[in-house]
Amino acid sequence: MAALGIGAAPSGASALEAVEFRFANGESQLADDIRDVSLVAAAKEEGRTGSRTILAAALADYGRIVDTLYAHGYYGGTVNILVNGREATAIPLLDVPAEISTVAIVVDRGPQFRFGRLRVEPLAPGTELPEGFRTGSKARSPAIRSAVTTAVDGWREQGHAKAGIGSQAVAAQHSDSTLSVDVGISPGPLVRLGDLVITSPSAVRAARIQRIAGLPTGEVYAPEEIRLAAERLRRTGAFASVSLSEAEELNADASMDIEAALVDQKPRRFGFGAEISSLEGLTLSSFWLHRNLWGGAERLRFDVEVTNIGGSSGIDYLAGVRLEIPAALGADTTAYFMAEYDLQDEPSYYSEAVTLGGGATWILNEQISAETGIAYSYSETRDSFGSRTFQVFSFPTSVTRDTRDDVLNPTTGTYAELEVTPFVGLEGSDTGTRVYSDLRGYRGFGEEEGIVVAGRLQFGAVLGSGLERTRPEYLFYSGGPGTVRGQPYQSLEVDLGNGDSSGGRGFLGLSAELRVAVSQSIGVVGFADAGYVNADSSFGDTGDWHSGAGLGLRYQTGIGPIRFDVAAPVSGDTGDGAQFYIGIGQAF
């Protein structure tokens, strides 16, 4: 026999000296799994060694170890658990030993069984049972559960919501070490979706809950529709908890109601953020949010942001309000209305703007969303072209596809956003279109994806509008934490001559990072960025490039990594010296 000892140094009050595992067939992966499920071993390691505790754990270990044997296909094994040399099941519960010094767990796994005759029927059209559930395969108990679950789910996907097990027989033939399985599936009737029944009080009106959920009452039951309805309710932010469950009984017309148990979020929330860099200074932001404003899960949010505090350029101010109304145009839509005041005191221009607008967002699926709207902007600007007034109608439209595993600290997936904003100049501006795209990709390597390679490509162009007759806010600049770290903020522009400059109509941004986890909480990053700006929307030799590179530290927290980056210029004549950046989340 092989013996595997598990133990820790006992405390002074501990009477349990050793927990010993003995395996008649030697150590294996099975032995490791048995050790892992043992409550006696866990109690020993945690210092819970009272006699009653150890005996209770030993009695529970019989079932846990047998289940582990079944999971590996061993149906003829034996398990003995000896407490102070006596079988645990033979110790009277009213006569527990005053001290338990040793526990020996003796396992003879016996022969491994294989599947013999198998029947799981009837199956829904198109249903394929798992590969591991085949005659001749190792008779692992999880394969049986998986096969039955697959068969039941197949009928449920076809609209038979009450499909289940009608009969079952599992028999082990010890003469040839085979296991036979005979399961009869009861599909039940074809079910249609009934009403969404709200079973808990909510400040959101019942009619609005039903509209937001978008449950297709009257259509053939589909599990995916239940999941989507729950996700729509969660997206509103009005609920702290959303649970949708199927009614136990069908209605007389074979429809099935869906019961919604909802817990409301607190109606109001306040938040703030901060970011600092050496040249751009301090950025402070704050918001106040009111959920369920009128009882329809509406969201009213006020935002305030102050940037470039103590930076190389003037202080910028932004104040805005946005009202969102879910399910305004359908279950997967949200209407919005917004107003914004924006003062920008940038290196190459000064602008005060007021914008009013509205529009709608669509959730096309779990990864893709879209937004479109209309906005009116009035702005007064001073720049190299003089003092000007702009009045512009714009039609901002965007599409986003996001497959990242974590927004603040992605290790796999991609992010792609395309913004197309046609605009009509009423005063001071030509009519044209602004295009901007942001593409990001992430690939993890190594144990627990401790090494991540990340890349980013930004592209921008202003079409149909001349440089002098385009709002400065629509033009492109490079430099700073959002484009090229190590270069001063918006330092790469278009040189107009005589010391004058302007943003460009064409822009490219490239970034690459190598992120390495040193420990669970500490990571290091190496990065390089490059940016290009051109007076035209083309990307020929007339534009200018600059680049920067640096190193960073990441400290993981519950809300995302705290970022500290140090960077310096690599090429270009737009800056010199090192710069640092501090913020929450990865740089991109």
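Residues numbered from 1 in each chain as written. Predicted model: local features only at pLDDT ≥ 70, side-chain atom pairs only at ≥ 80, totals over all residues. Heavy atoms only, no water.

Details of the overall build of the chain
Reasoning step 1: When helices and strands are tallied, the chain shows 6 helices and 30 strands.
Reasoning step 2: Counting only residues that meet the buried cut, the chain has 43% of its 588 residues in that class.
Reasoning step 3: When contacts within the chain are restricted to residue pairs at least 6 apart in sequence, long-range pairs at least 24 apart make up 57% of them.
Reasoning step 4: Of the roughly 27,800 Å² that the chain leaves accessible, carbon and sulfur atoms contribute 54%.
Reasoning step 5: In the chain, which carries 47 positive and 74 negative side-chain charges, the distance between the mean positions of the two groups comes to 6 Å. (Helix = DSSP H or I, 4+ residues; strand = E, 2+ residues; numbered from the N terminus. Buried < 20%, exposed > 50% of the residue type's maximum accessible area, 1.4 Å probe, protein only. Contact = heavy atoms within 4.5 Å. Areas by Shrake-Rupley, 256 points an atom, 1.4 Å probe, with all protein chains shown as cover. Lys, Arg positive; Asp, Glu negative; His and termini not counted. Charge placed at Lys NZ, Arg CZ, Asp CG, Glu CD.)

Concerning the sheet that holds strand 10 (residues 239–246)
Reasoning step 1: Sheet architecture is open: 3 strands sit in the order 9-11-10, paired in mixed fashion. The outermost strands of the open sheet, each flanked by one partner alone, are strand 9 (192–198) and strand 10. Looking at each pair of strands side by side, their axes are set apart by 25 degrees on average, direction ignored.
Reasoning step 2: One ladder, built from 5 bridges, connects strand 9 with strand 11 (residues 255–264); its direction is parallel. Paired with Leu 193 across the strands is Met 256, a residue of strand 11.
Reasoning step 3: Across the sheet, helix 5 (residues 206–213) is in contact with strand 9, strand 10 and strand 11; its angle to strand 9 comes to roughly 140 degrees.
Reasoning step 4: Sheet strands touched by helix 6 (residues 223–235): strand 9, strand 10 and strand 11. Its angle to strand 10, the strand with the most contacts, is close to 165 degrees. (Pairing = 2+ DSSP bridges. Axes fitted to C-alpha atoms, helices over the stretch in contact; angles between N-to-C directions.)

A short note on helix 3 (residues 51–71)
Note that an α-helix has 3.6 residues per turn; residues three or four places apart therefore point the same way.
Reasoning step 1: Under the 1.5 Å per step criterion, the end-to-end length of helix 3 is 30 Å for 21 residues, consistent within 8% with the ideal 30 Å.
Reasoning step 2: Residue Asp 61 marks the point of greatest curvature in helix 3, where the axis turns by about 30 degrees.
Reasoning step 3: Residues of helix 3 that are buried include every one of Ser 51, Ile 54, Leu 55, Ala 57, Ala 58, Asp 61, Tyr 62, Ile 65, Thr 68 and Leu 69, and no others.
Reasoning step 4: The secondary structure elements touched by the buried residues of helix 3 are helix 1 (29–37), helix 2 (39–46), strand 3 (78–83), strand 4 (86–87) and strand 5 (102–108).
Reasoning step 5: One or two steps after helix 3, the chain reaches Gly 73, where phi turns positive at roughly 90 degrees. (Expected span 1.5 Å × (residues − 1). Bend = angle between axes of the 7 residues up to and from the residue.)

Some remarks on the pairing of strand 5
Reasoning step 1: Counting buried positions along strand 5 yields 5 of 7 residues, so the element is predominantly enclosed.
Reasoning step 2: Pairing analysis gives 6 bridges linking strand 2 (residues 18–23) to strand 5, with the strands arranged parallel. Residue pairing in the sheet places Val 19 in a bridge with Val 103 of strand 5.
Reasoning step 3: Examined bridge by bridge, strand 3 and strand 5 share 6 bridges and lie antiparallel to one another. Within strand 5, the residue paired with Val 83 across the bridge is Val 103.

Some points on the packing of helix 5 against helix 6
Reasoning step 1: At a closest axis distance of 8 Å, the pairing of helix 5 and helix 6 adopts a crossing angle of 120 degrees. What the angle tells us is that helix 5 and helix 6 run oblique. Contact with helix 5, carried on its side by Ile 209, Ile 212 and Ala 213, involves Ala 229, Arg 232 and Leu 233 of helix 6 and no other residues of that element.
Reasoning step 2: Class assignment of the residues belonging to the contact of helix 5 with helix 6 gives a composition of 5 nonpolar, no polar and 1 charged. (Parallel < 35°, antiparallel > 145°, perpendicular 65-115°, else oblique. Nonpolar A, V, L, I, M, F, W, Y, C, P; charged D, E, K, R; others polar.)

Observations regarding the layout of surface pockets
Reasoning step 1: Counted as a void, the second largest pocket has a volume near 350 Å³.
Reasoning step 2: What lines the second largest pocket is a set of 21 residues, among which Glu 449, Gly 450, Ala 517, Ser 519 and Gln 556 lie closest to the centre.
Reasoning step 3: Contributing elements (two or more residues each) for the lining of the second largest pocket: strand 26 (506–517), strand 27 (522–534) and strand 28 (544–557).
Reasoning step 4: It is strand 27 that contributes the most residues to the lining of the second largest pocket, 4 residues altogether.
Reasoning step 5: Considered class by class, the residues forming the lining of the second largest pocket number 7 nonpolar, 9 polar and 5 charged. (1 Å grid on protein atoms, 1.4 Å probe; cavity = no way out; pocket = protein on both sides within 12 Å on 5 of 7 lines; lining within 4 Å. Points joined across faces, edges and corners; volume = space filled by probe spheres on them.)

Some thoughts on the side chain of Ser 379
Reasoning step 1: Relative to the helices and strands, Ser 379 resides in strand 18 (residues 368–383).
Reasoning step 2: When sequence neighbours within four positions are dropped, the list of residues in contact with Ser 379 reads Ser 351, Glu 352, Ala 353, Arg 388, Thr 389, Phe 390, Arg 471 and Glu 473.

Examining helix 6
Reasoning step 1: End to end, helix 6 covers 19 Å across 13 residues, agreeing with the expected 18 Å (1.5 Å per residue, within 8%).
Reasoning step 2: Every buried residue of helix 6 is listed here: Ile 226, Ala 229, Ala 230, Arg 232 and Leu 233. Viewed end-on, helix 6 has its buried residues packed into an arc of 155 degrees, placing them on one side of the element.
Reasoning step 3: In this structure, the buried side of helix 6 is in contact with strand 9, helix 5, strand 10 and strand 11.
Reasoning step 4: At the exit of helix 6 stands Gly 237, carrying a positive phi of roughly 75 degrees. (Arc of directions from axis to C-beta.)

Quick notes on the sheet that holds strand 6 (residues 114–121)
Reasoning step 1: Pairing within the open sheet is mixed, and its 3 strands lie in the order 6-8-7. Each end of this open sheet is capped by a strand with a single partner; those strands are strand 6 and strand 7 (164–173). Strand-to-strand, the axes of this sheet are offset by a mean angle of 10 degrees, without reference to chain direction.
Reasoning step 2: Bridge count for strand 7 against strand 8 (residues 178–186) is 9 bridges, and the pairing is antiparallel.

Digging into the packing of aromatic side chains
Reasoning step 1: Following the criterion strictly, the structure yields 14 aromatic pairs and no others.
Reasoning step 2: Pairing Phe 423 with Tyr 474 gives two aromatic rings, centres 4.9 Å apart and planes at 50 degrees, and the pair type is tilted. A residue pair is termed long-range when its members are at least 10 positions apart, and Phe 423 in strand 21 (residues 413–427) and Tyr 474 in the loop between strand 23 (451–463) and strand 24 (494–497) qualify at 51 residues. Tyr 474 carries the same exposure label as Phe 423, and that label is buried. (Phe/Tyr/Trp six-rings, centres within 6.5 Å; stacked < 30°, edge-to-face > 60°.)

What about the pattern of salt bridges?
Reasoning step 1: Evaluated as defined, the whole model comprises 32 salt bridges.
Reasoning step 2: With a closest N to O distance of 3.8 Å, Arg 322 and Glu 371 form a salt bridge. With Arg 322 in strand 15 (residues 316–326) and Glu 371 in strand 18, the pair connects residues that are 49 residues apart, well separated along the chain.
Reasoning step 3: Look at Arg 322 and you get partly exposed, because its relative accessible area is 26%.
Reasoning step 4: Across the pair Glu 473 and Arg 471 runs a salt bridge, and its minimum N-O distance is 3.2 Å. Taken as a pair, Glu 473 and Arg 471 share a single burial class, namely buried. (Salt bridge = Lys/Arg side-chain N within 4 Å of Asp/Glu carboxyl O.)

What to know about empty space enclosed by the protein
Reasoning step 1: Taken as a whole and assessed by the stated rule, the structure comprises 3 cavities of 30 Å³ or more.
Reasoning step 2: Of the volumes computed, that of the largest cavity is approximately 70 Å³.
Reasoning step 3: In this structure, the largest cavity is lined by 14 residues; those nearest its centre are Asp 383, Phe 385, Pro 472, Ser 502 and Gly 503.

Side note on the packing of helix 1 against helix 3
Reasoning step 1: With their axes 9 Å apart at the nearest point, helix 1 and helix 3 run at an angle of 150 degrees to one another. Judged by the angle between their axes, helix 1 and helix 3 are roughly antiparallel. Pair helix 1 / helix 3 crosses with right-handed handedness. When helix 1 is examined against helix 3, the residues Leu 30, Asp 33, Ile 34 and Val 37 are found in contact with a partner set consisting of Asp 61, Arg 64, Ile 65, Thr 68 and Leu 69.
Reasoning step 2: Across the contact of helix 1 with helix 3, the residue classes tally to 5 nonpolar, 1 polar and 3 charged. (Left-handed = near helix turned anticlockwise from the far one by under 90°.)

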